[in-house]
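These are the residues of each chain, in order.
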Amino acid sequence: MIFPLAGLLFGAAFGAFRAKARGGNTRDMLQWAAVFAMIFGLIGLFTLVFIERSYV
């Protein structure tokens, strides 16, 4: 259950860092953080489903 949550947090931090590194303002950082949080959250969700289905 921790993989999607970890993906959301890591994605948000990574997206905000990327936007700041490219010289973005606060709104750019929020948008990039939201997009990367969704992407990494989905990756974490699929990882969780794969792991759960592997051990049945």
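Computed from a prediction, not measured in an experiment: that's the story for all the values here. (Residues numbered from 1 in each chain as written. Predicted model: local features only at pLDDT ≥ 70, side-chain atom pairs only at ≥ 80, totals over all residues. Heavy atoms only, no water.)

Enquirer: Would you explain the environment of asparagine 25 in this entry?
Expert: As for its position among the elements, asparagine 25 is in the loop between helix 1 (2-21) and helix 2 (26-54). Given the relative accessible area of 39%, asparagine 25 is considered partly exposed. In this structure the side chain of asparagine 25 is engaged in a polar contact, spanning 3.4 Å, whose partner is the backbone nitrogen of arginine 27. (Helix = DSSP H or I, 4+ residues; strand = E, 2+ residues; numbered from the N terminus. Buried < 20%, exposed > 50% of the residue type's maximum accessible area, 1.4 Å probe, protein only. Polar contact = N/O pair within 3.5 Å; in protein donor to acceptor, adjacent residues only side chain to side chain.)

Enquirer: Sorry if this is basic, but what is going on with a nonpolar patch on the surface here?
Expert: Residues Ile2, Phe3, Leu5, Leu8 and Leu9 make up a contiguous nonpolar surface patch of about 490 Å² in total accessible area. Along the chain, the position of leucine 9 falls in helix 1. The exposure class of leucine 9 is exposed, given its relative accessible area of 57%. (Patch = residues over 30% accessible without salt bridge, like charges linked within 9 Å, V, L, I, M, F, W, Y side chains within 5 Å. Areas by Shrake-Rupley, 256 points an atom, 1.4 Å probe, with all protein chains shown as cover. Salt bridge = Lys/Arg side-chain N within 4 Å of Asp/Glu carboxyl O.)

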